[in-house]
Amino acid sequence: MKILLTGGAGYIGSHTAVALLEAGHDAAVVDNYSNSSPEAVRRAEQITGKEIRLYEADVADKNRMMEILRSEMPDCIIHFAGLKAVGESVAKPVEYYRNNIDTTLTLIECMKELGLSNIVFSSSATVYGEDNIPPFTENMPKGVCTNPYGWTKWMQEQILTDAWFASEKEVISWAKAHDGDAAASDSGRVRPRELSVVLLRYFNPVGAHESGMIGEDPQGIPNNLMPYISQVAVGRRDHLTVFGDDYDTPDGTCRRDYIHVMDLAEGHVKAAEYSLEHRGAEVFNLGTGNPYSVLDMVKAFGDACGHPVKYEIGPRRAGDVQDSWANADKAKEILGWEAKRGIAEICRDAWKWQSGNPNGYDR
Ligand code: NAD
Ligand code: WQD
């Protein structure tokens, strides 16, 4: 398959490019490097020994995207491009809505005009909100998000689902207008095609490629647990602050479903393949189904790097849910995918990346 990855120079996109190439697919990347470096794509090429076509562009720029998509005509688009920092989204909501929603609307418009029909989207477990009780299943109602970033994912899911619904209706009325022959030509118009929309709800993607050549490279002070722990372990920061130890959990700290980024990447390979075979809008959790606490992760990282990771207990962080983990049965049943790596591999690979690249890609 020919696959185009928007935001493919980023953390999850670059690992997915490796997994796609390793599975024998062809990959092209579009990125504006607002939170990444082309170096990640070059390294993905080194890991696989294969070429990735790379376009520098803003996915919200419709003219440019029409040009790129017309020359690529991919079998599937995986839409990673987006802004993702929860705290920043509270301070800059309009920027987040503009970028995340616009990129999605632009892609749908371009796909329709070019007769492209398959899209896989990076959603998040954050859409389950605060009131659902884990393990989260895909048929639970979406919840109330605690920040603009979460709402952009919530809305992008809705926009893509509505676009699929309309595409199905359009195909049916086209078929009726052509006496049931959906394949009939209608000069000057692109024949409508029913979309295949695959919404992937990621839990907590962490770790790095086993080679240690690509990994997560946050700018400034990391917002997320694993990059913070990694930077403490490598000596870039003094200690981790654990956000609260008074939750109703066995050790008092929050629990999450940490998924190795290469497991996640392999889930995208299955999702892209599935998108070609099926029509409709389908949601899948990509998680392991196993919750671990903040202190579990601190301990596992210390085991991987050979020395304890220094931490202090601090107050709770606003907006944190106590527990979040997946029921991962649907992806196993329908996509034939399940996570294979555990927290020991996660910490081993994160440490290999961090210790080999203490300043990330040096952007
Ligand atoms: P990332 O920031 O590393 O990657 C996103 C990429 O998109 C970056 O390379 C950035 O430069 C690019 N980008 C942003 N806006 C763009 C635009 N308008 N045009 C072109 N490129 C643009 O983030 P990631 O962790 O790899 O996340 C990928 C996707 O998965 C995002 O949509 C994110 O919201 C989603 N997601 C991430 C997590 C996580 O914890 N990392 C969890 C759930 C969902
Ligand atoms: C994990 C746990 C913190 C940092 C976020 C987004 C979510 C999704 C994934 C994109 C929590 C604790 C953290 C620190 C800590 N992203 N922690 N000290 O909040 O589960 O999810 O990333 O879609 O939308 O909200 O991930 O890594 O920030 O936190 O104690 O310095 O680690 O309180 O319990 P989170 P995280």
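The shown structure was predicted, so the numbers you read here are calculated from the model rather than taken from an experiment. (Residues numbered from 1 in each chain as written. Chains lettered and ligands numbered in written order. Predicted model: local features only at pLDDT ≥ 70, side-chain atom pairs only at ≥ 80, totals over all residues. Heavy atoms only, no water.)

(A) Quick peek at the overall build of the chain. When helices and strands are counted, the chain shows eleven helices and 13 strands. Over its C-alpha atoms the chain spans a radius of gyration of 21 Å, differing by no more than 12% from the 21 Å that the globule rule assigns to 363 residues. Dimensions along the principal axes, computed over C-alpha positions, put the chain at roughly 70 × 45 × 40 Å. Out of the 363 residues belonging to the chain, those deemed buried represent 54%. Contacts in the chain between residues at least 24 apart in sequence constitute 79% of all its contacts with a sequence separation of at least 6. About 15,600 Å² of surface is accessible on the chain, with carbon and sulfur atoms providing 49% of the total. Computed over 37 positive and 53 negative side-chain charges, the inter-centroid distance for the chain is 2 Å. (Helix = DSSP H or I, 4+ residues; strand = E, 2+ residues; numbered from the N terminus. Rg over C-alpha atoms; globule rule 2.2 N^0.38 Å. Buried < 20%, exposed > 50% of the residue type's maximum accessible area, 1.4 Å probe, protein only. Contact = heavy atoms within 4.5 Å. Areas by Shrake-Rupley, 256 points an atom, 1.4 Å probe, with all protein chains shown as cover. Lys, Arg positive; Asp, Glu negative; His and termini not counted. Charge placed at Lys NZ, Arg CZ, Asp CG, Glu CD.)

(B) Region of the structure containing the nonpolar core. Core analysis: the largest hydrophobic core is formed by 42 residues, its most contacted members being Leu-5, Ile-78 and Leu-200. If you tally residues by element for this core, the top one is helix H8 (residues 261-277), at eight residues. One finds Met-65, Leu-69, Ile-119 and Ala-163 within the second-largest nonpolar core, a separate group that totals 27 residues. (Core = buried A, V, L, I, M, F, W, Y, C linked by side-chain atoms within 4.5 Å.)

(C) Quick peek at the pairing of strand S1 (residues 2-6). Counted residue by residue, S1 has four buried out of five residues, so it is predominantly covered. Relative to strand S2 (residues 26-31), S1 runs parallel, the two being bridged by five bridges. Of the residues in S2, the one forming a bridge with Lys-2 is Asp-26. Crossover connection from S1 via helix H1 (residues 11-22) to parallel S2: handedness right-handed. Across four bridges, S1 lies against strand S4 (residues 76-79) in parallel orientation. (Pairing = 2+ DSSP bridges. Right-handed = clockwise from strand over helix to strand, strands pointing away.)

(D) Representation of the site of ligand 2 in the model. Around ligand 2, 18 residues are found, and the nearest of them are Tyr-149, Leu-225, Thr-241, Arg-256 and Asp-320. Residue Thr-241 places a main-chain N or O atom 2.8 Å away from a nitrogen atom belonging to ligand 2. Broken down by element, the shell around ligand 2 gets its largest block of residues, four residues, from strand S8 (residues 240-243). Partitioning the shell around ligand 2 into residue classes produces nine nonpolar, six polar and three charged. (Near = heavy atom within 4 Å. Polar contact = N/O pair within 3.5 Å; in protein donor to acceptor, adjacent residues only side chain to side chain. Nonpolar A, V, L, I, M, F, W, Y, C, P; charged D, E, K, R; others polar.)

Just distances and angles here, no functional claims.
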